[in-house]
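Structural overview
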Amino acid sequence: MIRFEILGDLASVTLARPEKRNALTPDMLESLAGVFDRMPDNIRAVVLSGDGPAFCAGFDLKICAADATGETMRCLLTGLSRTVRAMRAIGAPVVLAAHGAAVAGGCALLGGADIVVAERETRLGYPVVKIGVSPAVSAPFLTAMIPDGPARARLLDPELITADHALRIGLVHELADGPGATRERANDIARHLATKPGMGVAATKALLNDLARPRTDHADDALRASLALTGMDEERDRLTALWS
Amino acid sequence: MNDAALLEHNGPIATLTINRPDARNAMSLELLDAMHAAMEQLERDARGSHILVITGAGKAFCAGMDLKAVLVERSGDASIGKRLLTRLAELTVRLRALPLVTIASVNGAAIGGGCGLTCVCDLSITHADAKLGFPEVDLGLCPAVIAPWVVRKLGPGPARRALLMGGVMSGTEAHAIGLIDFLAGSRDELAGLTHDIATRLASGGPKALAATKSLLNRLDGSEDPQAVLRGAELSASVLATPEAQAALKSRMVK
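Remember, it's a predicted structure, so these values are computed and weren't measured experimentally. (Residues numbered from 1 in each chain as written. Chains lettered and ligands numbered in written order. Predicted model: local features only at pLDDT ≥ 70, side-chain atom pairs only at ≥ 80, totals over all residues. Heavy atoms only, no water.)

Within chain A, the regular secondary structure consists of twelve helices and nine strands. A compact globule built from 244 residues would reach a C-alpha radius of gyration of about 18 Å, and chain A, at 17 Å, matches this within 12%. By principal-axis analysis of the C-alpha atoms, chain A measures approximately 55 × 35 × 35 Å. Every one of the 244 residues in chain A was classed for burial, and the buried ones make up 56%. Taking all contacts inside chain A whose residues are at least 6 apart in sequence as the whole, residues at least 24 apart take part in 74%. When the accessible surface of chain A is summed, it comes to about 9800 Å², and 54% of that surface belongs to carbon and sulfur atoms. Placing the 27 positive and 30 negative side-chain charges of chain A at their respective mean positions leaves the two points 2 Å apart. (Helix = DSSP H or I, 4+ residues; strand = E, 2+ residues; numbered from the N terminus. Rg over C-alpha atoms; globule rule 2.2 N^0.38 Å. Buried < 20%, exposed > 50% of the residue type's maximum accessible area, 1.4 Å probe, protein only. Contact = heavy atoms within 4.5 Å. Areas by Shrake-Rupley, 256 points an atom, 1.4 Å probe, with all protein chains shown as cover. Lys, Arg positive; Asp, Glu negative; His and termini not counted. Charge placed at Lys NZ, Arg CZ, Asp CG, Glu CD.)

And the structure:
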């Protein structure tokens, strides 16, 4: 459900569960984090995109609701945190192409990207408080990208925002028309980044990661804050109510 | 102060002109020395000025580092890159700490370190056709000295895109991403707009402005110079790599 392709010094990582709007399962996040962990050193830029109608609708809530122990939700939160960190840790910049929806866990993936291109019709946000889940896990990475005011609003307000709004707050960096043009633009950016000489891009990415450390160093605390609520009554009641 | 930077006072508004027009105001050691001398003068006695406008003589605002100087093969001096970068790092820290409210009036090209200076200033003004940007990565370089200032000015997400993508943008684009605060319609209107904004700022109480600036510096981490000074070392080490020197050399040939 994760496709990994290499073309010369470019890598393409694709969420490939289109019939479920690329809803994330523990296995998918395990492979996704693994792909970034094992990214070959000669790769100069990576594009992350999604097949089908949406980039990513977030966690697969049906399997979460079916698991009364909360273990599935815990695996997803842990896998998400690991994936975002793995995206930031690789030397090559990550260009993310979002279309349709980048919601909840799907929106959180933007926190691992260096440059985000979004299709104009994309809806983005973190509506997870509605199901009793805390998006705390994403907070260090969201606040490492956008100012605190908009970050607070996005994590507490379950409403989704437009791509244009996301551009204004700095969560998205470019807009494109239609999913095809969005992926194409992301590929163009990746090719452009790959042509830069020497170690300038990798050194600059590492430096920017370093400057963001006052935020991202809280990644473990943030994950613990989200994990603390899993399997509790509020989450169980709201999750099961989704399918009743 | 040598004449590579000129400081003038006109009541509450001082103007610092980067004055190496033949070299598009590229930052040489001499130019950085002159800028430091101007900082020293303003720190000691601002002569009643509490607004500082920084602009460039001639067509460019500041074309960035003097590339001729940092090409080792040409200058025959392997240490000059690090000295220039360290001197620039110190200048940015000093400029940010000035109690005067600083305005970059970007008359033309503001490239690399030159564009970095606009981010250190409290406010920036340019016109639609100016060229601004951070093409360091295009030359295999890492803009580590100015990165902390760019992150503060643009916010981390947009700064990441600007610094990793390289290239240059128009004044209009720079205004759209928040790199520039005020945009004049044309180059001819820049001086007038700069004067209006400087005069408006000068109407504020000098103590109130200085206290506000000082607080903002404390809140956004500007008072800690370590990241900027470490940046000079990182930038210099990337500058010394064979790939960067080769890219610089091919740029000089063009």
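Next up on the list: the packing of helix 4 (residues 80–97) of chain B against helix 5 (residues 113–120) of chain B. Residue and element names in this part refer to chain B. Where helix 4 contacts helix 5, the axes come no closer than 10 Å and their chain directions differ by 20 degrees. Taken as axis vectors, helix 4 and helix 5 run roughly parallel relative to one another. Of the two elements, helix 4 crosses helix 5, and the hand of that crossing is right-handed. For the pair helix 4 and helix 5, the contacting residues are Leu88, Leu91, Thr92, Leu95 and Arg96 in the first and Gly113, Leu117, Cys119 and Val120 in the second. (Axes fitted to C-alpha atoms, helices over the stretch in contact; angles between N-to-C directions. Parallel < 35°, antiparallel > 145°, perpendicular 65-115°, else oblique. Left-handed = near helix turned anticlockwise from the far one by under 90°.)

Further remarks concern the packing of aromatic side chains. Summed over all chains, the structure comprises zero aromatic pairs over all chains. Lying over the aromatic face of Trp149 of chain B, Arg152 of chain B brings its terminal NZ or CZ to 4.9 Å of the ring centre. (Phe/Tyr/Trp six-rings, centres within 6.5 Å; stacked < 30°, edge-to-face > 60°. Lys NZ or Arg CZ within 6 Å of the ring centre and 35° of its normal.)

This part is about a nonpolar patch on the surface. Residue and element names in this part refer to chain B. On the surface, Leu215, Leu216 and Leu219 cluster together to form a nonpolar patch covering roughly 310 Å² of accessible area. As for its placement among the helices and strands, Leu216 is situated in helix 10 (residues 206–219). Overall, the relative accessible area of 49% leaves Leu216 in the partly exposed class. (Patch = residues over 30% accessible without salt bridge, like charges linked within 9 Å, V, L, I, M, F, W, Y side chains within 5 Å. Salt bridge = Lys/Arg side-chain N within 4 Å of Asp/Glu carboxyl O.)

Residues and elements named next belong to chain B. Here Gln245 is to be found in helix 12 (residues 242–253). On the basis of relative accessible area, Gln245 is assigned to the buried category, the value being 14%. Within the local environment of Gln245, its side chain forms a polar contact with the backbone oxygen of Val70, the two atoms lying 3.2 Å apart. In this view, Gln245 contacts Val70, Leu71, Val72, Glu73, Leu239 and Ala240; residues no more than four positions away in its chain are not counted. (Polar contact = N/O pair within 3.5 Å; in protein donor to acceptor, adjacent residues only side chain to side chain.)

Going through the model one piece at a time under the given rule, you end up with 31 salt bridges over all chains. In this structure, the salt-bridge partner of Arg74 of chain A is Glu71 of chain A, at a minimum N-O distance of 3.2 Å. Of this pair, Arg74 of chain A and Glu71 of chain A are both found in helix 3 (residues 71–89), three residues apart, which corresponds to roughly one turn of the helix. Two residues, Arg44 of chain B and Glu40 of chain B, come together in a salt bridge whose shortest N-O distance is 3.7 Å. Residue Arg44 of chain B and its partner Glu40 of chain B are both found in helix 1 (residues 29–44); the two are separated by four residues, about one turn of the helix. Judged by relative accessible area, which is 63%, Arg44 of chain B ranks as exposed. Three or more residues are tied together by salt bridges with common partners; here these are Arg3, Glu5 and Asp51 of chain A.

In this section: the nonpolar core. With 89 residues, the main nonpolar core has Val95 of chain A together with Leu16, Leu52, Leu95, Leu132, Phe134 and Leu179 of chain B as its most contacted residues. When residues no more than four places from it in sequence are discounted, the contact partners of Leu95 of chain B are Met39, Leu52, Ile54, Thr102, Leu117, Val120, Cys121 and Lys213 of chain B. Of all hydrophobic cores here, the second largest spans 65 residues; its members include Ile90, Ala166, Val172 and Leu175 of chain A. (Core = buried A, V, L, I, M, F, W, Y, C linked by side-chain atoms within 4.5 Å.)

The next point concerns the sheet that holds strand 2 (residues 13–18) of chain B. All names here are of chain B. Sheet architecture is open: six strands sit in the order 1-2-3-4-6-9, paired in mixed fashion. Edge positions in the sheet fall to strand 1 (5–10) and strand 9 (182–184), since each of these pairs with one other strand and no more. The average undirected angle you get between the axes of adjacent strands in this sheet is 20 degrees. With four bridges joining them, strand 4 (residues 101–106) and strand 6 (residues 123–127) adopt parallel strand pairing. Bridge pairing links Ile103 to Leu123 in strand 6. Where helix 9 (residues 187–202) meets the sheet, it contacts strand 2, strand 3 (51–56), strand 4, strand 6 and strand 9, and its direction lies at approximately 160 degrees from that of strand 6. (Pairing = 2+ DSSP bridges.)

Turning next to unusual backbone geometry. In this structure, Asn22 of chain A is a non-glycine residue whose phi angle is positive, near 55 degrees. Within the fold, Asn22 of chain A resides in the loop between strand 2 (10–15) and helix 1 (26–37). The phi angle at Arg24 of chain B is positive, at roughly 50 degrees, despite the residue not being glycine. Topologically, Arg24 of chain B is positioned in the loop between strand 2 and helix 1.

Read these as geometric descriptors, not functional statements.
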